[in-house]
Amino acid sequence: MKEALPLYKNLYTMAKFNGEALTYETPRGTWAQLHRTLSSQGNVHIANVHILANLEPFRYGATDFIQRSVRGMENVLDAHGLHLYPESSFWDWPYSADSVRGGKRLLQIERDWLWYKSWSRYAWNSNRDYKEEDKYWAIQLATQFGTNEAAGKKILKSYQESGHIAPKLLRRFGITDGNRQTLTLGMLMTQLINPFRYGLFTLLYESEAPEGESLAEYAEKEWTGRQHTGETPMTVINEVKAHADKAISAIDKAAKNVTKNNDEFERVKNDVYAYHALAYHYANKAEAALYVLRYKYSDDIKNLDKALQLLRQSVADYQKLVKFTKGTYLYANSMQTQQRKIPTRGVDATYKTWAEVFVPFQMELKIFEQRIDSLKNSKGVLIQKINPLQNAIVKLNGRYSYFVIDSLQQVFADTNFTIRSFAPELKGLRGVKLSFKKQIDEGTSISFTNSKPVKVLVGFFEPQKAAFTNDTVFLKAPELETNALANDYGQADTKIANAIVLHGMPQLHIHTYDFGAGNNILKLERGVALILEFINADAPLKIYDAKLCMKAGIEKMLIGYSNKIENKDEIYY
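Described in the following lines is the structure provided in the data block.

About the criteria used
Residues numbered from 1 in each chain as written. Predicted model: local features only at pLDDT ≥ 70, side-chain atom pairs only at ≥ 80, totals over all residues. Heavy atoms only, no water. Helix = DSSP H or I, 4+ residues; strand = E, 2+ residues; numbered from the N terminus. Buried < 20%, exposed > 50% of the residue type's maximum accessible area, 1.4 Å probe, protein only. Contact = heavy atoms within 4.5 Å. Polar contact = N/O pair within 3.5 Å; in protein donor to acceptor, adjacent residues only side chain to side chain. Pairing = 2+ DSSP bridges. Axes fitted to C-alpha atoms, helices over the stretch in contact; angles between N-to-C directions. Phe/Tyr/Trp six-rings, centres within 6.5 Å; stacked < 30°, edge-to-face > 60°. Salt bridge = Lys/Arg side-chain N within 4 Å of Asp/Glu carboxyl O. Core = buried A, V, L, I, M, F, W, Y, C linked by side-chain atoms within 4.5 Å. Patch = residues over 30% accessible without salt bridge, like charges linked within 9 Å, V, L, I, M, F, W, Y side chains within 5 Å. Areas by Shrake-Rupley, 256 points an atom, 1.4 Å probe, with all protein chains shown as cover. Expected span 1.5 Å × (residues − 1).

**Thoughts on the environment of Asp-305**
- Here Asp-305 lies in helix H13 (residues 301-325).
- Overall, Asp-305 belongs to the partly exposed group, its relative accessible area being 23%.
- Taking the C-alpha atoms as reference, Asp-305 lies 29 Å from Lys-495; in sequence the two are 190 residues apart.
- Apart from the residues within four sequence positions on either side, Asp-305 is in contact with Ile-372 and Lys-376.
- Separated by 2.9 Å, the side chains of Asp-305 and Lys-376 make a polar contact.

Structure representation (C-alpha cells):
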C-alpha cells in the first residue's frame, strides 16, 4: 500500500471482523490496531464478516448484536465498508443445511433473509435508535408469520437471546475463530481443559473477545483466592443458560399466534430448542472441566465426583440436541474435509452430524467413569506404563549425520545445543542432525524411501516474544488459520507438548507427518526445527503434555510419569 498509493488512489483494503466466526461486537488489541492501520492510509477499508463457523447451521437473527457489530466496525476499526458472507453452509451455496419433507433444499438467500437484511440496513446506517429498531423488526417478523406486533416482538426476543449463545461460547471456551472448529457440534473435555494442545488461536481471546479469563486461569484464581478479571467462564456459563431459557419462553408464547408460513416457523422454533440444548451442554461440560482443574489443586476426589455428575448431564443435554437435529438437518458444518478438526476430524464427510459426535461423547463419559473408579480403588495411586517408541526402517537419500535422544546429546550439526530432559517414550530414538544455519537460510528437504507407512516426528520450537524478538529464526508450527495445507500430512495437531528441553532454547512441541510406503519427501519452510525420528505409522503414540520446561537454566519436570497421579488434568483422557 505504501508503494501503490502514490501511483493510484482508488485502492481498498479488507480484513476479517471476528476471524471466521461472530464473537464480539467491538474487537480490540492487535487485531483492532491492524484494521485501524489499514484504514489510516487514506484508502477505503472494509470489514469482512467471514464464514461464521460458530453459527452454522442454525438460523441467526440477533439484530441488536448485528447493529452493535457494525457500529464497532465504524467506531473501533475505522472501517467504511462491509463484505458479508452467508450466515451458514457457505461451502454448500446456494442451499442451506435444512432437511425438509420431499427432499426439497431451502435457499440460503430466502431462509436467512433476516441475516442479510439486518447487515444491509446497518451498513447503510447503524446510528438508529435501538427501541425503534426493535419495533421495526417486530413488524417484519409479524408480517412473515401472520401475527400481531406483540407476537412479532416475542419472536424477535427469541432471536436476540439465542443470538448471544454461540458468540459467548466460542470466545470464552473455543480453540479457534477459524472453520477447523464447528462450535455447534460441541467440544471434548480435553479441548476445554487444555486448548493449547489443540493449537489454541490466542487472537480469539486477546482481540475477538472482551477481557476475561480462560477455564484454567479461572480455576487457578479460585484456588489461590485472587481477584477475577472481566468475563469469566462462570459468567458465560450462567449467561448462556439464561439466554437459552428466555429464548424458549419467548418463542413458545409467540407460537399460538402464527397464522402464516407455519412450516418455517416450526423450523425457527426448532432452532431455538437446539440452541437451548447446546447452551446447557456447553455450560455443564465447562463447569465439569472446572472441577477437574480444581482437583489438580485440591487432590480431593469429591471434585471429580462433581465433575462426573455435570458431565453426565452434558451428555444428556447433547442427546436432546441430537433429537432436535435428527431429520431437520443434513449436517452441521458445510466444510467436510480433514481441515475441520474440532471436536473431531472431518475426514471424508464423517462426524458432520450430532448423532455421529454423540458416540465419542458417550465414550468420553465412560472412560471418565472408569478412571474415577480406578482412582478410588487404588486410593489415588495408578501405575502408568511407558512404551518406548521404536525407530522405523527408513532409507534417507543423501548423506546425513544423526543424534540419539538422550541426555547431553547434541542435536544440530553446527551448534552446541544439547538435550537436558525429554519425554521418556522418546529415549533412544534416532534423530537427523541438521544445520541450524542452513535451516534458517534454505529450509529443510529430506527425501527417503520406506516399505511401510511411517510417521515423521518433527519438533517445533515456541519462542517467547520477550526472549526472541526475531521470530523468523524458528519454523512456525502448522496452523490452519493461515495455511489451508497445514494438515495435508496430519501435522496440524501437537502430539506431545513440551516434549524436550534443550539448554538455551524455547519450549519444543512434537507434531507428526504421515507418509505412505514408497519414495517420499519431507519439505519444511525456512526456520529451525528438529527432525526427531521416523516411527511406524501404527506405533502407539500417546497424545499429551509432558510439561517439561527450562527455568533459570535448570530443567525441571513439572508433571510427569510417577507412581502417584500428578497430571490430574489427564485423568479422564
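**Side note on the sheet that holds strand E12 (residues 518-524)**
- Taken in spatial order, the 3 strands of this open sheet run E4-E8-E12, and their pairing is antiparallel. Two strands in the sheet have a free side with no partner beyond their single neighbour: strand E4 (394-396) and E12. Pairs of neighbouring strands in the sheet enclose a mean axial angle of 30°, with direction left out of account.
- Two elements, E4 and strand E8 (residues 444-450), share 3 bridges in a ladder whose sense is antiparallel. Looking at the pairing, Leu-396 lines up with Phe-448 of E8.

**Quick word on the packing of aromatic side chains**
- Applying the stated criterion across every chain, the model contains 23 aromatic pairs.
- Residues Trp-223 and Tyr-297 carry aromatic rings whose centres are separated by 6.1 Å and whose planes lie at 20° to one another, so their mutual orientation is stacked. In this pair, Trp-223 sits in helix H10 (residues 215-224) while Tyr-297 sits in helix H12 (residues 262-298), placing the two residues 74 residues apart along the sequence.
- By relative accessible area, which is 40% here, Trp-223 ends up partly exposed.
- Given the relative accessible area of 32%, Tyr-297 is considered partly exposed.
- When the centroid spacing of 5.2 Å and the interplanar angle of 85° are considered together, the rings of Phe-412 and Phe-436 count as edge-to-face. Of this pair, Phe-412 sits in the loop between strand E5 (401-404) and strand E6 (419-422) while Phe-436 sits in helix H15 (residues 436-442); the two residues are 24 residues apart in sequence, bridging distant segments of the chain.
- The buried category is assigned to Phe-436, whose relative accessible area is 14%.

**A word on the pattern of salt bridges**
- Under the defined criterion, the tally for this structure stands at 27 salt bridges.
- Ionic pairing is found between Glu-87 and Arg-111, a salt bridge with its closest N-O pair at 3.0 Å. Taken together, the residues Glu-87 in the loop between strand E3 (82-84) and helix H3 (108-111) and Arg-111 in helix H3 connect sequence positions 24 residues apart.
- Here Glu-87 falls in the buried class, since its relative accessible area comes to 0%.
- Accessibility expressed as a relative area gives 6% for Arg-111, which makes it buried.
- Here Arg-312 ties to Glu-369 by a salt bridge, and the two come within 3.1 Å at their closest N and O atoms.

**Comments concerning the side chain of Thr-182**
- Structurally, Thr-182 can be placed in the loop between helix H7 (165-173) and helix H8 (189-193).
- Note on Thr-182: relative accessible area 2%, which makes it buried.

**Observations regarding the sheet that holds E3**
- Read across the open sheet, the 3 strands follow the order E1-E2-E3; overall the sheet is parallel. Two strands bound the open sheet, and with one partner strand each, they are strand E1 (12-16) and E3. The mean inter-strand angle of the sheet, taken between neighbouring strand axes irrespective of direction, is 25°.
- Inspection of the sheet shows E1 paired to strand E2 (residues 44-49) by 5 bridges, in the parallel sense. Its bridge partner being in E2, Thr-13 is matched across the sheet by His-45.

**Re the nonpolar core**
- Leu-22, Trp-115, Tyr-318, Trp-354 and Phe-368 are the most contacted members of the largest nonpolar core, which has 101 residues in total.
- Top contributing element to this core by residue count: H12, with 17 residues.
- Among the nonpolar cores identified, the runner-up in size contains 32 residues, and Phe-403, Leu-426, Leu-508 and Leu-530 belong to it.

**Some remarks on the environment of Val-432**
- Among the structural elements, Val-432 can be located in strand E7 (residues 430-433).
- Residues Val-432 and Gly-72, 360 residues apart in the sequence, show an inter-C-alpha distance of 51 Å.
- Setting aside chain neighbours within four positions, we find Val-432 in contact with Leu-396, Tyr-400, Ser-401, Tyr-402, Phe-403, Val-411, Ile-446, Ile-531 and Phe-534.

**Overview of a nonpolar patch on the surface**
- A grouping of Trp-93, Tyr-95, Leu-107 and Ile-109 is seen on the molecular surface, where their side chains present a nonpolar patch of about 380 Å² in accessible area.
- Topologically, Tyr-95 is positioned in the loop between E3 and H3.

**Remarks on H13**
- The terminal C-alpha atoms of H13, which comprises 25 residues, lie 36 Å apart, in line with the 36 Å expected from a rise of 1.5 Å per residue.
- Looking at where H13 begins, the residue whose side-chain oxygen comes 3.0 Å from the main-chain nitrogen of Lys-302 is Asp-300.
- Looking at the residues trailing H13, positive phi occurs at Gly-327, about 85°.

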